[in-house]
Protein chains: 2
Amino acid sequence: MAQSFEQLLGAVEDRIRELPAFRRQPVRLYEPAVYTMNLGGKRIRPVLALMACQLFGGSVEKVLDPAVGLEVFHNFTLLHDDVMDRADMRRGKPTVHVKWDTNTAILTGDAMFAVAVRLMAGAPAESLRAVLQAFEALAVGVCEGQQYDMNFETQAQVSMAEYMEMIRLKTAVLIAGSLQIGAEAAGAPAASVARLYAYGTQIGLAFQLQDDLLDLYGDESKFGKKIGSDIRENKKTYLYIKALELLSPADAAALEKAFAEPTRPETEAGKVALVKGLYEKVGVRQQCEAAVQAMFKAAEAELDAIPATETDAEALTVLKQFTAKLLGRDY
Amino acid sequence: MAQSFEQLLGAVEDRIRELPAFRRQPVRLYEPAVYTMNLGGKRIRPVLALMACQLFGGSVEKVLDPAVGLEVFHNFTLLHDDVMDRADMRRGKPTVHVKWDTNTAILTGDAMFAVAVRLMAGAPAESLRAVLQAFEALAVGVCEGQQYDMNFETQAQVSMAEYMEMIRLKTAVLIAGSLQIGAEAAGAPAASVARLYAYGTQIGLAFQLQDDLLDLYGDESKFGKKIGSDIRENKKTYLYIKALELLSPADAAALEKAFAEPTRPETEAGKVALVKGLYEKVGVRQQCEAAVQAMFKAAEAELDAIPATETDAEALTVLKQFTAKLLGRDY
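Residues numbered from 1 in each chain as written. Chains lettered and ligands numbered in written order. Predicted model: local features only at pLDDT ≥ 70, side-chain atom pairs only at ≥ 80, totals over all residues. Heavy atoms only, no water.

Draft legend 1. Layout of the side chain of E144 of chain A. With respect to the helices and strands, E144 of chain A occurs in helix α7 (residues 128–154). Look at E144 of chain A and you get buried, because its relative accessible area is 3%. E144 of chain A has contacts with L169 of chain A together with R24, Q25, P26, L29 and Y30 of chain B, leaving out every residue within four places of it along the chain. (Helix = DSSP H or I, 4+ residues; strand = E, 2+ residues; numbered from the N terminus. Buried < 20%, exposed > 50% of the residue type's maximum accessible area, 1.4 Å probe, protein only. Contact = heavy atoms within 4.5 Å.)

As C-alpha cells, then:
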C-alpha cells in the first residue's frame, strides 16, 4: 500500500533528525549544517524521490538515504548561494555567513556536499550507478544554472529562452533529478524514468515561475519575504522579460531604465509601483499564470504516458496530489 | 608489465587534457577550472591511484577516471582554501578569486566537486561502491581537516596530537584515499587495502612535515614560495609546536609573543630570524627530519606486510621509488 505524503514526510524528517553524518567533530564545521537543515524546509526533493520510488513499486526504505542526500545537497546550495547573492536572511533566520562567517558558509557547504555523496552511496547495489549518475548530472546542472543566473546580472539582454534554460538548470534539474533517483532505485524501465524526468522538469519550471509571481503578487505573511524583492534587486525574471517583449518601445525603455541602476531606499516604493504598473499594462501576470498552467498540463501528460501496468495507482494519486498542491500555493 | 612513473603521469595528463567535463557552457564557470587544472600540479594523487591499481594487478585504464577525479577534487579544495586563507598566488600565478572573483572561486569549485563525483562514477561496476565510499570519506576528512586548521588560528594552545590529527585529515586522508581507490578498483583484498591505506597515511603525514620544513629551510627558487611564510602568518606547524615543548619557559614565552600579533612588513625579517634562532636552540629541524624518517620507515613496514603473492613486484618498485622521491625533495 502506498504511503501518504504525511507518512513519507515523517520518514524523511525522522532520518534527518537521526543523521549521524552531522554528529561529529569539529563542532564548528557541523553545527551550521544542523542549523540549516532545521530551518524548516519543505523537504520537497526527498519526498519526491520517495514518491517516485513507491510509484514503481519500490520499497521507500531503499531510497531513504539518497533522498535525504538530495535535501542535504539542496541545503548546501543554499549556503553557497546566500554567500554569492549576499542574502542576509533565509526562512526568517540569519543565513550561515551572517550568523557565523563566509568561510564557515563555504566550508560547511563543502562538507554538506560530501555528506550528500555519502548518502548517495547508500543506494541499492543494482541501482547505485544510475543513482550516482543522476546525482552528478543534477549537481553539475545546478552549478551551471547558478552561473547563468549570476551572468544575467550584468548581461544587458536576457531572452526568454535563456531565462527558461537558466531556471531549468538552477531549479528544475534538481526536482526532476530527485524523481529520477527515486525511480532508478525502484528499478523503473528507462523509458518511464525519462517520462518522469520530463514531468519533473515541467513541474520544476512551473514551480520557479510560481515563485516569480509570488515575489510580486504573493501574500507577504504567507510568502515569508518582502513583496517586490525581485524588482528592487533588478532581477530579470519571467515577468520582466515578458513585459519587455510586449511593451511599446517607450514603455520598454522606461522599464529598462528602472532596472538600470541599484534601487535606493528612498525611491524603492515608487520603483516597485512603476514596474508593477508597466507589468499590468501588458498583462504579464496572466501570461505567467497561463505558462504555469500549460507546464502543469504538459507535466501531467508525461505522467499519464507512463504505462499503468508499471505503476501503483495509489502512489500515482499521492504524487499527483502533492505536485498539484505544490503549484497551487495561494497568492 | 608495470608502467613506469612517466607512463602513468602521461596517461593522467592525457586524460586531463581531453576531459570533456570542462568543455561546456557557461564558459565563465569552466574557464577557471581549466586554468587551475593547468597550473602545473604534480598529479601526485592520480598517479598514486594508478600505481595502487597496477600494484594489485589491475588494469590502469579501469581507474583512470576516478584517478583524474581525485586531481579535480584536490584542485577544488585549492580554490576554496585560497578564498578562506586569502591566498593571492598559487604556483606562481594569481589564484582564481584574484584573477576572477570570490563568487567564481566558490561556484567553479563546487562544479569541480560535482565533476569529481562524475569521474568517480566511472569506476568499474564491481568496485563502484568501495571507490565511492573511499571518496566520500576522504572528502569529509579534508573538510574536517581544513576546519581544524582554521580553528588553530584562534586557538591559544595546539598540542602535537591535535596538529597531527589536523594534517592527517587535511593532507594524509587524500593521499591514503587515492591509494585506496586504486587498490579497490583492482579488487585487492580488504586486509591489503587497509595496509596500503596505512602506508598512505604515513606518507601523507611525512609529506606535510616535509612541507613545514621546506617552508623555512627550503630553496626559494625550487620551492616556489617565499621562505618563512608560516612564521610570518603565525602558523602553528610541527616546528612551532615542538619548539614550545622543548624550549625553556622564557624562550617559549618569547616564541608565543612573536606569534601573538600579525606580522608587520617592517619587522618581518627580524621576526623570522628570531623564531628561526629559537627553533635552532632546541633542534626542531632535526626533530622534524627524524619524524619524517620514522614515518617513512613505518610506511615501508606497512607496504612490506602486504603478501608478495598479491602484488606485482615491478609495480611495487615503481610505487616505492615514487614515494621515496616525493619525500626526498631537496632542502
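From this point on, the discussion continues.
Draft legend 2. Local environment of the packing of aromatic side chains. One pass over the structure, following the stated rule, counts 19 aromatic pairs over all chains. An angle of 25° between the planes, with centres 4.0 Å apart, marks the rings of F113 of chain A and F113 of chain B as stacked. Separated into two different chains, F113 of chain A in helix α6 (residues 102–120) and F113 of chain B in helix α6 (residues 102–120) make up a pair that spans both. Neither residue differs from the other here; F113 of chain A and F113 of chain B are each classed as buried. Here a set of aromatic residues connected by ring pairs shows up, and it is made of F73, F76, F113 and F135 of chain A together with F73, F76, F113 and F135 of chain B. Looking at K99 of chain A, its charged tip hangs above the ring of W100 of chain A, at a distance of 5.5 Å from the centre. (Phe/Tyr/Trp six-rings, centres within 6.5 Å; stacked < 30°, edge-to-face > 60°. Lys NZ or Arg CZ within 6 Å of the ring centre and 35° of its normal.)

Draft legend 3. View of the packing of α7 of chain A against helix α2 (residues 27–37) of chain B. Viewed as axis vectors pointing N to C, α7 of chain A and α2 of chain B meet at an angle of 115°, and their least axial separation amounts to 9 Å. Our classification of the angle between α7 of chain A and α2 of chain B gives roughly perpendicular. The residues of α2 of chain B that touch α7 of chain A, namely those facing V140, C143, E144, Q147 and N151 of chain A, are R28, L29 and Y30 of chain B. Here the contact of α7 of chain A with α2 of chain B is built from residues that sort into four nonpolar, two polar and two charged. (Axes fitted to C-alpha atoms, helices over the stretch in contact; angles between N-to-C directions. Parallel < 35°, antiparallel > 145°, perpendicular 65-115°, else oblique. Nonpolar A, V, L, I, M, F, W, Y, C, P; charged D, E, K, R; others polar.)

Draft legend 4. Looking closely at the interface of chain B and chain A. Every contact between the two is made by 41 residues of chain B and, on the other side, 41 residues of chain A. Interface area for chain B against chain A, summed over the two sides, is near 3,700 Å², with a carbon-plus-sulfur share of 67%. When the buried area of chain B at its contact with chain A is split by residue, L107, R129 and Q147 of chain B rank highest and sum to 16% of it. Connecting chain B to chain A are four salt bridges. As a salt-bridge pair, R118 of chain B and E136 of chain A come within 2.5 Å of each other at their nearest N and O atoms. Taken together, the links from chain B to chain A amount to 14 residue pairs in polar contact (both at pLDDT 80 or more). When contributions to the side of chain B that touches chain A are tallied by element, the ones reaching two or more residues are α2, α4 (64–84), α6 and α7 (128–154) of chain B. Top element by residues in the side of chain B that touches chain A is α7 of chain B. It accounts for 16 residues. (Buried area = accessible area lost by both parts, 1.4 Å probe. Salt bridge = Lys/Arg side-chain N within 4 Å of Asp/Glu carboxyl O. Polar contact = N/O pair within 3.5 Å; in protein donor to acceptor, adjacent residues only side chain to side chain.)

So far we have only geometry, and geometry alone does not tell us how the molecule works.
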